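# Secondary and tertiary structure notes
Listed below, chain by chain, are the residues.
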Amino acid sequence: MQSFGEFMQKWLYGESGYYRNLHIGKEGDFYTSVSVSEFFGYTLGYYLQEQLNSLQNQKIAIVEIGAERGNLISDIAFFLKENFLNFHKIDFLILEPLKSLHNIQNQTFLQKIDSKNLLIVEDFQSIKSLHYDFIFYCSNELLDAFPCELYYQGQIAFIEDNILSFKKAPKPIEQIAQKFHLQISEIPLYIEEFIKNCNDCAKHWMFLTFDYGSLETRNEFSLRLFEKHSTKNLFISPKSTEYDKSFLESFNKCDITYDVNFTIWNNYFETIGAKKLFCHRQNRALVDMGLDKVGEWYIAKYGLQSFMKHSAKIRTLLEPGLLGERFLGMAFVK
Ligand SMILES: C[S@@+](CC[C@H](N)C(=O)[O-])C[C@H]1O[C@@H](n2cnc3c(N)ncnc32)[C@H](O)[C@@H]1O
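Residues numbered from 1 in each chain as written. Predicted model: local features only at pLDDT ≥ 70, side-chain atom pairs only at ≥ 80, totals over all residues. Heavy atoms only, no water.

You'll find the chain entered in an unreviewed UniProt entry as SAM-dependent methyltransferase, with Helicobacter apodemus given as the organism.

The following block contains the structure:
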């Protein structure tokens, strides 16, 4: 018997884990902001440029975590290459434990910015050994890819022979449930260790991330799968433990995800002494970070006609009913 969290870990990252191959975009199972438009990464690049200007003469890295094809770090690097004088002094890294993705990540970086200077590392220790003064961690849809337990009023879900049942929650999970007043919820695993690892790699860092979810605790299940751009919930209703048995048969074959509870992540960042810079809906976060300035730069460089080709996709990033308000952007600094 295994807990749902162990099962989800194997589903996504095991020997035949879903994320060992590429699945995002039109031909895949779902879109992400990164796959929709380069302007997402350019805007992060614009924001980072402003921060970089205040960090003269320091050894700096921009590290993407959860990169899949490597498009986000490449779009950030593209913007900085075009706009930031000290571009050559920054190291660009991907933290990617799955070796099967390294090749495509190198290719994307080479194609987009004509450079081989992308360093791909498999663990935090390798980043730490490079002794950076400041690290900018960037990610999109990373947090919802952390395995989770399914907590229901003092119990968690276990799986045996493809049958799901609820049994008494172990103490550490019960403590988290009590701390965050959870009755029915996904409880993400490995967060504490992950944030500690980020913190251990450099004295000063920023963690910038976007994901699907909210700051409010809804006390209901949201666990679902994505396959060929359609979605299916595990539970028949979000407040019950009655589940769809066919869901478990999709093991390894499609993405499973859930709404991120940003309050939990906020709390763990604050516990290690990081300061919240912002936590807003994606549309507000991107506009605050300088999306309009990125548009001005693009038009000046490539012309209005070329920009207009991107405008529908930029709208997808911002529109409330699309990605604009279903996603949140958040940044912490230490
Ligand atoms: C939903 S995909 C997002 C891909 C990409 N960022 C995008 O927006 O198109 C999540 C990715 O996070 C990766 N991931 C999850 N946990 C991770 C961890 N602890 N360290 C590094 N990568 C992780 C997965 O392997 C997967 O590639």
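### What to know about the site of the ligand
Quick reminder of the rule: If a single non-hydrogen atom of a residue is within 4 Å of a molecule or strand, that residue counts as near it. In the analysis that follows, any N or O atom pair within 3.5 Å is treated as a polar contact, provided that within protein one partner can donate a hydrogen and the other can accept it, and provided that, for residues neighboring in sequence, both atoms belong to side chains. Each accessible area value is a Shrake-Rupley result obtained with a 1.4 Å probe; residue values ignore everything except the protein chains displayed when judging cover. The rule is simple: put a 1 Å grid over the protein atoms alone, call a set of points where a 1.4 Å probe fits but cannot get out a cavity, call an open set with protein on both sides within 12 Å along at least five of seven lines a pocket, and count a residue as lining if it has an atom within 4 Å of a point. More than half of a molecule's atoms within 2 Å of the grid points is what it takes for that molecule to sit in a cavity or pocket. Each residue gets one of three labels, nonpolar for Ala, Val, Leu, Ile, Met, Phe, Trp, Tyr, Cys and Pro, charged for Asp, Glu, Lys and Arg, and polar for the others, Gly among them.
Taken together, 17 residues sit near the ligand, with Tyr13, Tyr19, Thr32, Gly66 and Asn140 positioned nearest. In this structure, an oxygen atom belonging to the ligand sits 2.7 Å away from a side-chain N or O atom of Thr32. One nitrogen or oxygen atom from the side chain of Asn140 is found 2.8 Å from an oxygen atom belonging to the ligand. For the ligand, whose accessible area on its own is 600 Å², the fraction buried by protein is 91%. Of all the cavities here, the one that holds the ligand is the largest pocket. Split by residue class, the shell around the ligand holds 11 nonpolar, three polar and three charged.

### Observations regarding helix H5 (residues 102–113)
Operational definition: The way it works is that DSSP assigns letters per residue, a run of H or I at least four long becomes a helix, a run of E at least two long becomes a strand, and they are numbered from the N terminus. What a helix is expected to span follows from its residue count: subtract one and scale by 1.5 Å. For each residue, the accessible area found with a 1.4 Å probe, counting protein chains only, is set against the maximum for its type, and the residue is called buried under 20%, exposed over 50%, and partly exposed in between. The arc in question is the one traced by the directions running from the helix axis out to the C-beta atoms. Here, residues are in contact when the closest pair of their heavy atoms is within 4.5 Å.
Between its first and last C-alpha, H5 extends 17 Å over 12 residues, near the 16 Å set by a 1.5 Å rise per residue. Those residues of H5 not exposed but buried are His102, Gln105, Thr108, Phe109 and Ile113. In an axial view of H5, the angular spread of the buried residues amounts to 125°, which keeps them on one side of the axis. Seen from the open side of H5, the exposed residues pointing more than 90 degrees away from its buried face are Asn103 and Gln111. On its buried side, H5 packs onto helix H4 (71–83), strand S3 (90–95) and strand S4 (118–121). Positive phi appears at Asp114, one or two residues downstream of H5, with a value of about 50°.

### As for empty space enclosed by the protein
Going by this rule: Grid points are joined across faces, edges and corners, and a volume is the space filled by probe spheres set on the points.
All chains considered together, the criterion is met by one cavity of 30 Å³ or more. Empty space within the largest cavity amounts to approximately 170 Å³. If you trace the largest cavity, you find 16 residues lining it, with Ser185, Glu186, Arg218, Asp259 and Asn261 closest to the centre. Contributions of two or more residues to the lining of the largest cavity are made by strand S9 (184–188) and strand S14 (260–261). With four residues, S9 is the single largest residue contributor to the lining of the largest cavity. For the lining of the largest cavity, the per-class residue count stands at five nonpolar, six polar and five charged.

### Focus: the pattern of salt bridges
Filter applied, for reference: By salt bridge we mean one thing: a side-chain nitrogen of Lys or Arg within 4 Å of a carboxyl oxygen of Asp or Glu.
Considering all chains together, one arrives at 11 salt bridges under this definition. Note that Glu220 and Lys239 form a salt bridge whose closest N and O atoms lie 4.0 Å from each other. You can see Glu220 sitting in the loop between strand S10 (204–214) and strand S11 (224–227) and its partner Lys239 sitting in the loop between strand S12 (230–233) and helix H9 (245–248), a full 19 residues away along the chain. Between Asp288 and Arg284 there is a salt bridge, with the nearest N and O atoms lying 3.0 Å from each other. A residue pair is termed a helical-turn pair when its members lie 3 or 4 positions apart in one helix, as Asp288 and Arg284 do in helix H11 (residues 282–289) at four residues. Residues participating in the shared-partner salt-bridge network are Arg218, Arg224 and Asp259.

### Describing the pairing of S4
How we decide: Two strands qualify as a pair provided that DSSP identifies no fewer than 2 bridges between them. For a crossover, the right-handed case is the one in which the path from the first strand over the helix to the second runs clockwise, viewed with the strands pointing away from the viewer.
Relative to S4, S3 runs parallel, the two being bridged by four bridges. Bridged to Phe92 within S4 is Leu118. With respect to chirality, the unit in which S3 leads through H5 into the neighbouring parallel S4 is right-handed.

### A short note on the layout of surface pockets
Roughly 950 Å³ of internal volume is contained in the largest pocket. Taken together, 37 residues form the lining of the largest pocket, with Tyr13, Ile65, Gly66, Pro97 and Leu142 sitting closest to its centre. Looking at the lining of the largest pocket, the elements with two or more residues in it are helix H1 (4–13), helix H2 (33–36), strand S2 (60–65), H4 and helix H8 (191–200). The biggest single contributor to the lining of the largest pocket is H8, with three residues. The residue inventory of the lining of the largest pocket, partitioned by class, reads 19 nonpolar, nine polar and nine charged. Lining the second largest pocket are 17 residues; nearest its centre among them are Tyr31, Phe226, Leu323, Arg326 and Phe327.

### Considerations on the sheet that holds S11
As a reminder of what qualifies: Orientation is described by lines fitted to C-alpha atoms, with helices fitted over the stretch in contact, and by angles between N-to-C directions that extend from 0 to 180 degrees.
In space, the three strands of this open sheet follow the order S12-S11-S13, with antiparallel pairing throughout. For this open sheet the edge positions go to S12 and strand S13 (255–257), each flanked by a neighbour on one side alone. Recorded for the sheet is a direction-independent mean angle of 25° between the axes of neighbouring strands. Across four bridges, the pairing between S11 and S12 is antiparallel. Its bridge partner lying in S12, Glu227 is registered against Ser230.

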